[in-house]
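Residues per chain, in single letters:
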Amino acid sequence: MKSAVETLNPTRVRLTVEVPFEELKDSLDAAYKKINQQVTVKGFRKGKIPARVIDQRFGRGAVLEEAVNDALPKFYTEAVNEADLNVLGQPEVDITELKDGETLNFTAEVDIRPTIEIPDYSGIEVEVDAVEVTDEDVEKSVEQLRERFASTSPVERAAEDGDVVTIDLQAKVDDEVLEDGVAEGVSYTIGSGELLEGIDDAVKGLEAGAEATFASELKGGSAAGKEAEVTVKVTQVAARELPELDDEFAQLASEFDTLDELKADSRKRLENMKQYDQATQAQERVLEKLLELVEVPVPEKLLEDEINTRKHNLEHHQLGQMGLDLEKYLEIQGKTVEEFDAETKEAAVKGIKTQFVLDELVKQEKLNVNQEELTEHLMRRAASSGMSPDQFAQAVVEGGQVPLLVGEVARGKALAVVVEKAVVKDTNGEVIDLDDEDETEQATETVEAAEGTADAADEEKSEG
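Quick caveat, the model's predicted, so the values are computed rather than measured.

K.L.:
Tell me what's going on with the overall build of the protein chain, and back it up with residues and numbers.
P.N.:
Tallying secondary structure elements over the protein chain gives 15 helices and 11 strands in all. Scaling as 2.2 N^0.38, a compact globule of 464 residues should have a C-alpha radius of gyration of about 23 Å, whereas the protein chain reaches 32 Å, well beyond that. Overall size of the protein chain, expressed as C-alpha extent along the three principal axes, is 100 × 65 × 40 Å. By the burial criterion, 37% of the 464 residues in the protein chain qualify as buried. Put simply, of all contacts in the protein chain between residues at least 6 apart along the chain, 70% involve residues at least 24 apart. Put simply, the protein chain shows about 26700 Å² of open surface, and 45% of that area lies on carbon and sulfur atoms. Of the charged side chains in the protein chain, 50 are positive and 108 negative, and the gap between their average positions amounts to 10 Å.

K.L.:
Lay out the nonpolar core in plain terms, naming residues and giving numbers.
P.N.:
Core analysis: the biggest nonpolar cluster contains 39 residues, and Y121, I124, L290, L358 and L361 have the highest contact counts within it. Those elements giving two or more residues to this core turn out to be β5 (125-128), α7 (259-293), α8 (300-322), α10 (337-364), α13 (402-421) and α14 (439-451). Setting aside chain neighbours within four positions, we find L358 in contact with L287, L290, R411, A414, L415 and V447.

K.L.:
Outline the environment of Q281, listing residues and values.
P.N.:
Within the secondary structure, Q281 is located in helix α7. Note: C-alpha distance between Q281 and E127 (154 residues apart in sequence) is 8.9 Å. If near-sequence neighbours (up to four positions away) are discounted, Q281 is found in contact with V128 and D129.

K.L.:
Lay out the packing of α13 against α14 in plain terms, naming residues and giving numbers.
P.N.:
It is the contact of α13 with α14, at a shortest axis distance of 7 Å, that shows an interaxial angle of 110 degrees. Accordingly, the angle class assigned to the pair α13 and α14 is roughly perpendicular. In this structure, α13 contributes E408, V409, R411, G412, K413, L415, A416, V419 and E420 to the contact, and α14 contributes E439, T440, A443, T444, T446, V447, E448 and E451. Its residues assigned to classes, the contact of α13 with α14 shows 6 nonpolar, 4 polar and 7 charged.

K.L.:
An account of the environment of A4 is needed here, citing residue identities and associated values.
P.N.:
Summarising the element assignment, A4 is placed in strand β1 (residues 2-9). Sequence spacing of A4 and A208 is 204 residues, and the spatial spacing of their C-alpha atoms is 84 Å. Setting aside residues up to four positions removed in sequence, A4 forms contacts with R14, L15 and T16.

K.L.:
Summarise unusual backbone geometry; cite the residues concerned and give the values.
P.N.:
Non-glycine residue D174 carries a positive phi angle of around 55 degrees. Although it is not a glycine, D175 sits at a positive phi angle of roughly 65 degrees. On the basis of relative accessibility, which here comes to 68%, the residue D175 falls in the exposed class.

K.L.:
Which residues make up the packing of aromatic side chains, and what values do they have?
P.N.:
Each pair of aromatic rings is reported with the distance of its centres and the angle of its planes. This model, assessed by the stated rule, comprises 1 aromatic pair. Ring geometry for F149 versus F249: centroids 6.2 Å apart, planes at 90 degrees, classification edge-to-face. Residue F149 is located in the loop between α4 (135-148) and β6 (151-154), and its partner F249 is located in helix α6 (residues 247-253); the two are separated by 100 residues in the primary sequence. F249 gets classed as buried once you look at its relative accessible area, which sits at 2%.

K.L.:
Quick one: what's the story with the UniProt feature "domain: PPIase FKBP-type" (unreviewed entry) in the protein chain, residue by residue and with numbers?
P.N.:
Feature annotation in UniProt assigns "domain: PPIase FKBP-type" (unreviewed entry) to the following positions: residues 162-214. In this annotation, residues 162-214 is assigned 9% helix and 53% strand; the end-to-end C-alpha distance for the span is 20 Å.

K.L.:
Account for the side chain of S27, naming residues and giving values.
P.N.:
Mapped onto the secondary structure, S27 falls in helix α1 (residues 25-38). Residues contacting S27, with those up to four places away along its chain left out, are A67, D70 and A71.

What counts, and where the lines are drawn
Here, residues in each chain are numbered from 1, in the same order as that chain's written sequence. Reporting of local features is limited, given that this is a predicted model, to residues whose pLDDT is at least 70; pairs of side-chain atoms are given and counted only at 80 or more, and all residues count toward the totals for whole chains, interfaces and linings. Side-chain numbers here rest on the full set of heavy atoms in the structure, without hydrogens or water. Helix numbering and strand numbering both begin at the N terminus, where a helix is a DSSP run of H or I of at least 4 residues and a strand a DSSP run of E of at least 2. A radius of gyration in this sense is built from C-alpha atoms; the matching globule rule multiplies 2.2 Å by the number of residues raised to 0.38. Throughout, exposure labels follow a simple rule: accessible area from a 1.4 Å probe, protein chains only, divided by the maximum for the residue type, with under 20% read as buried, over 50% as exposed, and the rest as partly exposed. Whether two residues are in contact is decided by their heavy atoms, any of which lying within 4.5 Å being enough. Each accessible area is a Shrake-Rupley result for a 1.4 Å probe, and residues are judged covered by the shown protein chains and nothing else. A positive count includes Lys and Arg, and a negative count includes Asp and Glu. His and the chain ends are not counted in either. Each charge is placed at NZ for Lys, CZ for Arg, CG for Asp and CD for Glu. Take the buried residues of types Ala, Val, Leu, Ile, Met, Phe, Trp, Tyr and Cys, join any two whose side-chain atoms come within 4.5 Å, and each joined set is a nonpolar core. Fitted lines through C-alpha atoms serve as axes, helices being fitted only where they are in contact, and the angles separating the N-to-C directions of these axes extend from 0 to 180 degrees. Orientation is classified from the angle alone, with under 35 degrees giving roughly parallel, over 145 giving roughly antiparallel, 65 to 115 giving roughly perpendicular, and any other angle giving oblique. Residue type decides the class: Asp, Glu, Lys and Arg count as charged, Ala, Val, Leu, Ile, Met, Phe, Trp, Tyr, Cys and Pro as nonpolar, and the leftover types, Gly among them, as polar. Note on aromatic pairs: the rings of Phe, Tyr and Trp (six-membered ring only in Trp) are paired at centre separations within 6.5 Å, and the planes decide the class, stacked below 30 degrees, edge-to-face beyond 60, tilted for the rest. UniProt positions are given in the numbering used here, feature names are shortened, and annotations may be inferred rather than shown by experiment.

Quick look at the structure:
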């Protein structure tokens, strides 16, 4: 076999392959054997039909077609390996010449990973938000905890903001009661915004036994997105009572003995959360600066496939779970189809560039992934997909996805290396030290977000 490579552009090549006919012998033998098992000829036992009889009865062309279909993947792979190409996706194969007994010639056009030069990235500087926790932040956190320990008691008065009402609902569309539009004994906190738009105004002022009718657009169910006439009946009004903010509350709601200790712990927790957000912000901004430094050509077919995948995940998984279609989603977002398409393309380009650049850095920095890192990553991905670690691991192994997970962790490590060499300052001008044992896993999450890998996890969950 002889092969040659022609570079069509930085991300696409054409392989020209010439195969001497004698190298097709194994595939021809396999073709005769396969046809032998599929056909019957009077006077011959199944599987024992001579090759010349198959040629006479079914045509030599059928045998050649079967043999070529069997041989092409092997010769294509040999040509790719011989040229040391890093191919992407499936090739477009064209048989240019097939002479029985002489030769098989074909071409294969395929996208390849572009050659990327990583410049010196040690001078990257980024600015992030300062970690500042105010007294108001602490008070809000404690108040949220206090809300969780609120009690309710029935009252004989009209419902007010903050009350918990028990209600029965009935939704009609075009004067027809929906099969899934009836609910009884629903508990709802007035002002929470957790049910239908307009329900707060409808129930406020109603006492137990009273009802009201209002119009609202349904968020889910069989008539999602349609305007409905909703009748709501209040069966009970209950007032929420918050516990006093004192040491007794601290002992009830936490492991602390005093309210001051609880507040100090809340402040520390908020600081940790803001430090985590700060680190994520630093990683995102360092990644953006890194991508600006590197020239990365993007294969057109790969980009097209990535855009289609992102749209599919959004429409059939994320929006489907919310009972929305793309049109309604764009209306809520206040975007046109053109704006959505442009944003999706921009995100897809960023995702592809992120993968190419960080994969190159993995090679350049000779980074490896150990079993502990892979297991930790698998556990987190399992949690985000809603599956148990065992279920997720089994799905990953059966789907041959282990190399993909290894790649995700490796790219996270590559980004962590770049961040470590970057200068990160907060808005107060203070240099931030992001040295943290969780930095690699956090960087992996940042890379996943840039690549859109999180959407894939949602898809695994939906299809699992």
